[in-house]
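# Coordinates in review
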Amino acid sequence: MRKFFVSAALLAFSAPAFADTLTEVTTKGVVLSIQGMEIPVNYTPDGKFTAMDGQVTGTWKIDGAKLCTTSSMQPEETCTEYPAGKVSGDSFDLEGAMGTVTVKIN
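Scope of this entry: the structure provided in the associated data block. If you're wondering where the values come from, they're calculated on a predicted model, not measured in any experiment.

Turning next to the sheet that holds strand E3 (residues 48–51). Read from one edge to the other, the open sheet built from eight strands follows the order E6-E5-E4-E3-E2-E1-E8-E7, with strand pairing classed as antiparallel. Two strands lie at the open edges of the sheet, namely strand E6 (78–81) and strand E7 (91–96), each paired on one side alone. For this sheet the average axis-to-axis angle between neighbouring strands, irrespective of direction, equals 30 degrees. Here strand E1 (residues 30–34) runs beside strand E2 (residues 37–44); their pairing, made up of five bridges, is antiparallel.

Written out as structure tokens, the structure reads:
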């Protein structure tokens, strides 16, 4: 029984950290740095996003620690796990189909 409470406590304290990072990302937007290109991405509360000055549009949703997206350039849903505890101004790397992507939260 004690293991159950410890596990529940760990889950309770770790889940909001992921949500905080993804909340920061989806409310403030990000700049993606891919192969020397900087791509601003803006998210709206209705689950949509735009990138490259509106040339790329899509949808987003949060699934646990993952941000899941579809876009006009990639219609199949892709989900990417984000690190916990990131806030505005933080940068971090994610691995994607095109290699390493640096994400900076606005």
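Picking up where we left off.
Going through the model one piece at a time under the given rule, you end up with two salt bridges. Among the ionic pairs, Glu24 bridges to Lys28, the shortest N-O distance being 3.0 Å. Here Glu24 pairs with Lys28, and both are found in helix H1 (residues 2–28), just four residues apart, close to one helical turn. Classification of Lys28 as partly exposed rests on a relative accessible area of 38%.

Attention now goes to the state of the cysteines. Across all of its chains, the model carries one disulfide by this definition. With a sulfur-sulfur separation of 2.0 Å, Cys68 is cross-linked through a disulfide to Cys79. In this structure, the disulfide formed by Cys68 and Cys79 twists by about 110 degrees around the S-S bond and is classed as right-handed. One end of the pair, Cys68, is in strand E5 (residues 66–71); the other, Cys79, is in strand E6, with 11 residues separating them in the sequence. Note on Cys68: relative accessible area 2%, which makes it buried.

Scoring rules and cut-offs
By convention here, each chain's residues receive numbers from 1 onward along its written sequence. Reporting in this predicted model follows two pLDDT cut-offs: at least 70 for local features of residues, and 80 or more for side-chain atom pairs to be given and counted; totals over whole chains, interfaces and linings ignore these cut-offs and use all residues. To obtain the side-chain values, all non-hydrogen atoms of the structure were included, while hydrogens and water were left out. Only when DSSP finds a minimum of two bridges between them are two strands counted as paired. To qualify as a helix, a DSSP run of H or I must reach at least 4 residues; to qualify as a strand, a run of E must reach at least 2; elements of each kind are numbered from the N terminus. To obtain an axis, a line is fitted to C-alpha atoms, over the contacting stretch when the element is a helix, and the angle between two such axes runs from 0 to 180 degrees between their N-to-C directions. We define a salt bridge as a contact between a side-chain nitrogen of Lys or Arg and a carboxyl oxygen of Asp or Glu at a distance within 4 Å. Only protein chains enter the area calculation, which uses a 1.4 Å probe; residues under 20% of their type maximum are buried, those over 50% are exposed, and those in between are partly exposed. Count a disulfide wherever a pair of cysteine sulfur atoms falls within 2.5 Å.

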